[in-house]
Every structure is written in structure tokens, then in C-alpha cells.
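# Secondary and tertiary structure notes
One-letter residues, chain by chain:
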Amino acid sequence: MGCGTSVATETQGKIVEPDDTAKTPCPALTMKAAVLIQRWYRRYMARLEMRRRYTWNIFQSIEYAGEQDQLQLSSFFSFMLDNFTQLNENGPDLISQLLDPVVDPWLGRETGYNLIPVPESYSGPRLLFPLSVSDTNSLLGAFKEQQTLHARYVLQLLHETKKLLKQMPNITHLSTSYTSEITICGDLHGRLDDLLLIFYKNGLPSAETPYVFNGDFVDRGKKSVEVVILLLAYLLLYPDYMHLNRGNHEDHIMNLRYGFTREVMQKYKTHGREILQLFQDVFSLLPVATVIDGKILIVHGGISDQTDLDFLSSIERHKVRGNKIPPSPCSSTLLTAIINVDHVTFNIAQFCSTVFCVLFCTCHLFFTLLQIVDILWSDPKTQEGCSPNIFRGGGCYFGPDVTQRLLTRHGLQLLIRSHECKQEGYELCHGGKVITIFSASNYYEEGSNRGAYIKVGRELVPRFYQYQVSRTTRKLTLTQRVRVAEGSALKALKEKLFSHRSELLSGLQQYDHKNTGNVSVSDWAQVLESVLRLDLPWRTLRPHLARLAPDGSVEYISCFEDMESGIPLPQVTPNMAETLFRYRTDIEIIFNIIDKDHSGLISIEEFRHTWRLFSAHLGVDIDDRAIDDLARSIDFNKDGSIDFTEFLEAFRVVHKLENKDQQLNEKMDGDKYS
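Note that this is a predicted model, so its numbers are computed, not measured.

Overall, mixed pairing links the six strands, which are arranged 1-5-6-10-12-11 in an open sheet. The open sheet terminates on both sides in strands that have one partner only, identified here as strand 1 (171-174) and strand 11 (426-429). On average, each strand axis in the sheet is inclined to that of its neighbour by 20 degrees, with strand direction left out of account.

Here is the structure:
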């Protein structure tokens, strides 16, 4: 009696036909289905990669445009010093301390920081100098717990660092014979989490784990103070095993624009000015390059066809402040020399000697500054030769031939530099002779890039280590990460369009001969590139920026309809408003200079004088009445002062349709490809 044998059915004794659904699939159909799925997947991934690449291009183009504006702003400061007296007899004092700081007697006293009391309620680290391992450990623990180091210890640490750096050469020479490996890190930009992760993965600085940090410790990130304090503390603790190169952001003008100045003043309201001045001194004393075993050159930006390491070794680096490209020798300098000649006992030899000395000193200063700018700002390119870096506005683009000549001339075999964010945290170019290393992960947006560092041993073969600090990225799919970064990039790009609205409309209307509000896609892309000069794939970006008309032309007014100002000011003319939108960051820097006590308030009279100079320097045609109307309109409580926070809010671009791109992205992500 077997199981189920007692069950009778009507089909017993009959042959049961097999079900058609149980048939084995046709191999040809299976293969065709696999090919279709593979084709769809490849197209989907290609589209995703295209979005990732143009997102990256947007971020970098806008970043470099901002740096170019910053260098132009430096020339504005010189313009203010030369012309402010004409408008305000007390004017030069507003910024002269920034450009050529007057040494405060308080800062000159080595023990001045001892006059600052530390309250018993202070629970943060209490440093003892010379520093010990327990001091640096207490700093690490405090910063992890979001604590702030007391101003007294910050000032003392900066004083001690300044004394140490004065003894260091312009170019640091290291040897792997005393250690197994040297770790090289790139830009950190105030990312404390990245620095802590590097220390966790690779070890704290010590005799066994020496480090080279290649500039740009501050700006952009929210923890710049903590990052630079940790680096300087380890420099004091291990001066033979912790090495810091100067970057283009170790500069007080850059700090005004990109956040370090604001961060210091927010965290140290009482002694912020003294701390900032000491940071400027420390930054100007940082070495400009490091050489390992005479074979590997490490600089922050790059080189040019004029770079001379022997000359860089001999300059007085602390005198080079600011990243502005220096003016060439001018006739006024020679005129001063001629006036100073003793005309009573004038002779041709004395005259020629004086003129020669002036020319020599001026040319020497010019060449010194130019060398520093090239070291801090330059980028490699694939083409041969050396050309001005038009996107950044400073330094140059150097080709593989320039790299090879410098390496050959100085007996080097490798150039390691930073300065550029790379998606994988590092990149090789010039046949492997140039390596870019970037250590700030998620630089543009959460999930936008990895960070990396390099380890070099006695064999001088670089090994790369990647990481990514993220609390949310791991939970997102690749598509979601691309979508988040793309949304942020497009938002920034739309703000750029809005701030150049008049120029763009003027250019587009030249192609709109019948005033239909439409132009061809080709003309639309050409105008955007000619005005913005961002070198972006405008045709690819068009679906995110403007609508198409039924005939396939672009409705160019739709480029601006998603945005509006933060607080409408009816008294402000459209021309004035657009100028303020465009130069909002520059004006913020100028206001921070004028607002000495960082109260957030400046007088209406100061605002008028500053804006008149700024508009004159830019060649913006705005009359005095418009400036006065603007000043009155943003004096909301009519107390004769302008609240800077409210001013910035009034000239902030607001995106009315934040969800529009998100819906479009979701639609594109769900597209099926045949």
C-alpha cells in the first residue's frame, strides 16, 4: 500500500498530454531576451554616466569661475586703496589693515595670550607647551565631541607655530631612509571627518607614520578651524614627521570669500581679529614645496615653464601674501626714483644706478610673486606647452613637455600635486609623471567623489588608498547618488543664469528677429556659452534649463521663470538687482572688511561709498540715486545702519519649482530603451 495508490481519477488508464506551459524555452528567444536586457542596461548606464560627467563639469566650471572672480576682486582692493580717499577722507583705514596689516603691539608680546583668562567653566582641552601626545589626544577627543578650543590656547599654539615655521626652509627635503613610508594627503577644505578617517585608517602622525599635507586645509568646510589646529598641533609635536605645504587657500583674501574668516569670527567673537592676523602670519610662513629622496616633488598646484626650484629656495616667502598676480614694473616707480635723486650733485652714473636698483628690486618682486602664483594655482593639461589658466584666472596650464623639462633639470622622477577635485580621489596624467591627490570626499555634494591619500616607501612607488565619509551615501543607489548631485549642480547653474539675465536676454534677442520669444537650440547654446564661458554641454543640459516650443525651438524666457529674489525690493531697479545678484559674494567680502567688529551692521554712508567704488571698478552704469534708493530700501528699521544678513537675504536666488527637476529625473531614470 503505497501513498496515494487508493486515489482514483477519471484519467486513470489514459495518456495525459504534457502542458504547453511546461515546454523548455526556445534558446533563440532566450538569447534575444538576454541581448535586449543587456542593451537596455548598457544604454541606461551610459545615460547615467553622461549625467554624472556633466554634473561634474558644472561643479568644476562654477568653482573655477568663482576663483577667477576672487582674483579680480583682489585687484579691486588695490583700486579701493588708490581711490577711496577721493570719496571718504577716512576711507583707506577700512581695508588697509587687511591688505597690509598693522602689527598690533599686543600681538608682538610673546606672552600676550597669558592675559586672557580661562574660566573654570571651560571644559575643553587645556594645552601645555611644549605639546605632548596627551595634548593632541585631548584635542582629537574634544573636536570629535564638537568642543571648541579656548582662544587663549589657539593664540599660544599659533605663536609657537610661527616661531617654528620661521626656522624652516622654503622647500622641505625628506628621506625614506629614516622611515618605512611617507603618507601624502591632498586638499581637506575644512572636512574634519575626512581627516579623522585618514588618521583612523592610516595611523596618527608619529615617527613611524610621517605625513605631508599638501595645502588647502581651510575654507568651504565647516570645521576649518579644527582641521588646521590639529595639523599645527601635530606639526609642533613632531616637526620632523609632520609637514605642511602652503595651498592657494592659505591666504587671507581667499579666506574672506570661502568661509574661514567667517568661521573664526563666529567661534571666537572676542579675540577673532587677533587669531585671524596670526593665522595670516602662519600661512605666509608655510613651506611652498616638499621633495622626497630628491626624486618626488610635492607642490599644491603645479608648475610653469618659468618654475625654478633654486630660485624658490631663496625667496623670502613670508613677504608673499595674497594670490593676486603682481603688477609689472611701472613708470610711477621709476618716477619716484628719479625724484629721489640728488639733483644738486646729479650725475649720470648716480641716475642710472638708482633706476637700475629700482628696476631690479621691482622685477625681483614680480618674479617672486609670479613663481608663487604658479606653484599654488597651476593645473596640468594634456596638450604640450604652457598657457595662462583662464578658467581659474591665475597660474597656468602646463603640458607634459613642461613637466618633463622640470623633472629632468632637477633630477626628479615624479610630481605630486593637489588643487583639483577628482572623482576617485586621485588621477594620473603626463604618462604617470604627474599625480593629483585630493583628500576631501563629498566635496561638491554628498556622494560626489571619493577622497584618497598616497603612501610612498623606499622604492618610491606610490600606492593609493581611497575612502568616502558618508552617513547616508551607502544607503543610496548609484542612480540616487547621481540624482542628488545633479540636482545640486543644476540649481547652482540656474542661479548663474539668473545673475546674468540681462546679458543673456540681450544676446538671445539678437537671434529672435521676429520677437517670438524663441530661438534655435544652436543659437541658444551659443549665447549661453559666449556670456557665461563655462565650457558646458549646453545642448545636453537644455531639457533641465529651458522648454522647447512645438516647432523645436527654445522658449528662452523659460530659463529664468523658476527663480525669483529672496525679498522683493520694489525700489531697486532690475539692472541694480541683477548686479547685486551677480556680485553678491564679492559684496559680502567687502562688507566683512568694513564691518570691523563683525556686528553684521554697517552705516548707510559706508555702504554708499563702497558701492560707488565697486560699480566704478566694474564699469557698471548705476547712478547715485539708484544707490541711495537701494541703501534706504534695505535699512528696514530706519536706524541709519544696514543689517547685512537681511541684505544678503534680499539678494538670494529662490528656486520656485524645486521639484521640477526631481520629477524630470525620475522620469528619465524610468525610461526604457528598446
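With that out of the way, let us pick up the sheet that holds strand 15 (residues 518-519). Here three strands make up an open sheet; going across it, the order is 15-17-16 and the pairing antiparallel. What marks the edges here is a single partner per strand, and that holds for strand 15 and strand 16 (547-548). With two bridges connecting them, strand 16 and strand 17 (residues 554-555) associate as antiparallel partners. Looking at the pairing, Leu548 lines up with Val554 of strand 17.

Mapping Leu164 onto the fold places it in helix 5 (residues 151-166). With 72 residues separating them in the primary sequence, Leu164 and Leu236 have C-alpha atoms 7.6 Å apart. Once residues within four sequence positions are removed from consideration, Leu164 is found in contact with Leu235, Leu236 and Pro239.

Okay, the confidence of the model for the chain next. Any segment with low pLDDT has predicted coordinates that should not be analysed in fine detail. Residues of the chain with pLDDT of at least 70 account for 72%, and the chain-wide mean is 80. Here residues 84-108 is a poorly scored stretch, pLDDT under 50, and it has 49 contacts once near neighbours within four places are set aside; other chains count. Across residues 324-335, where pLDDT falls below 50, the model places 22 contacts with residues more than four positions away in sequence or in other chains.

Here helix 16 (residues 501-509) crosses helix 17 (residues 521-532) at 140 degrees, and the two axes come no closer than 9 Å. The angle between the axes of helix 16 and helix 17 places the two elements in the oblique class. Handedness of the helix 16/helix 17 crossing: right-handed. From helix 16, Glu503, Leu504, Gly507 and Leu508 reach across to helix 17, where they touch Asp523, Trp524, Val527, Leu528 and Val531. Here the residues of the contact of helix 16 with helix 17 sort into six nonpolar, one polar and two charged.

Within helix 18 (residues 538-545), the full set of buried residues consists of Trp538, Leu541, Arg542, His544 and Leu545. In an axial view of helix 18, the angular spread of the buried residues amounts to 170 degrees, which keeps them on one side of the axis.

In this structure, Leu149 and Phe213 are the most contacted members of the largest nonpolar core, which totals 57 residues. Where this core is concerned, the elements lending two or more residues are helix 4 (133-144), helix 5, helix 6 (192-202), strand 3 (211-213), helix 7 (224-237), strand 4 (242-244), helix 9 (260-267) and helix 10 (272-285). Top contributing element to this core by residue count: helix 7, with twelve residues. Counting residues in hydrophobic clusters, the runner-up holds 34 residues, among them Tyr54, Ala65, Val519 and Phe560.

Let's shift gears to the packing of helix 5 against helix 10. Interhelical geometry of helix 5 versus helix 10 gives an angle of 20 degrees and a closest axis separation of 9 Å. Taken together, the axes of helix 5 and helix 10 are roughly parallel relative to one another. Crossing geometry of helix 5 relative to helix 10 is assigned as left-handed. Of helix 10, the residues touching helix 5 (which contributes Ala151, Val154, Leu155, Leu158, His159, Thr161, Lys162, Leu165 and Lys166) are Glu274, Ile275, Leu278, Phe279, Asp281, Val282 and Leu285. Along the lines of polarity and charge, the residues of the contact of helix 5 with helix 10 split into ten nonpolar, two polar and four charged.

Among the structural elements, Gly294 can be located in the loop between strand 5 (289-292) and strand 6 (296-298). Residues Gly294 and Ser175, spaced 119 residues apart in sequence, show a C-alpha to C-alpha distance of 8.2 Å. In this structure, Gly294 is in contact with His410, Gly411 and Leu412, ignoring residues within four places of it in sequence.

What follows deals with the side chain of Ser418. In this fold, Ser418 is placed in the loop between strand 10 (414-417) and strand 11. One polar contact links Ser418 to Asn214, side chain to side chain, over a distance of 3.0 Å. Apart from the residues lying within four places of it in its own chain, the contact partners of Ser418 are Cys185, Gly186, Asp187, Asn214, Val299, His300, Thr436 and Ile437.

So, about the pattern of salt bridges. Applying the stated criterion across every chain yields a total of 20 salt bridges. Between Glu49 and Arg53 there is a salt bridge, and its shortest N-O distance comes to 2.8 Å. Of the two residues, Glu49 and Arg53 are both situated in helix 1 (residues 27-87); the distance of four residues between them amounts to about one turn of the helix. Classification of Arg53 by relative accessible area gives exposed; the value is 53%. For Asp401, the salt bridge goes to Arg405, with nearest N and O atoms at 3.7 Å. A residue pair is termed a helical-turn pair when its members lie 3 or 4 positions apart in one helix, as Asp401 and Arg405 do in helix 14 (residues 400-409) at four residues.

As a further point, take unusual backbone geometry. That bond from Phe129 to Pro130 is cis: its omega, 0 degrees, falls within 30 degrees of zero. Structurally, Pro130 can be placed in the loop between helix 3 (105-108) and helix 4. One non-glycine residue, Arg533, adopts positive backbone phi at about 55 degrees. Within the secondary structure, Arg533 is located in the loop between helix 17 and helix 18. Its relative accessible area of 61% is what places Arg533 among the exposed residues. The phi torsion at Asp535 lies on the positive side, around 55 degrees, for a residue other than glycine. Within the secondary structure, Asp535 is located in the loop between helix 17 and helix 18.

Rules used throughout
Residues numbered from 1 in each chain as written. Predicted model: local features only at pLDDT ≥ 70, side-chain atom pairs only at ≥ 80, totals over all residues. Heavy atoms only, no water. Pairing = 2+ DSSP bridges. Helix = DSSP H or I, 4+ residues; strand = E, 2+ residues; numbered from the N terminus. Axes fitted to C-alpha atoms, helices over the stretch in contact; angles between N-to-C directions. Contact = heavy atoms within 4.5 Å. pLDDT = per-residue confidence, 0-100. Parallel < 35°, antiparallel > 145°, perpendicular 65-115°, else oblique. Left-handed = near helix turned anticlockwise from the far one by under 90°. Nonpolar A, V, L, I, M, F, W, Y, C, P; charged D, E, K, R; others polar. Buried < 20%, exposed > 50% of the residue type's maximum accessible area, 1.4 Å probe, protein only. Arc of directions from axis to C-beta. Core = buried A, V, L, I, M, F, W, Y, C linked by side-chain atoms within 4.5 Å. Polar contact = N/O pair within 3.5 Å; in protein donor to acceptor, adjacent residues only side chain to side chain. Salt bridge = Lys/Arg side-chain N within 4 Å of Asp/Glu carboxyl O.

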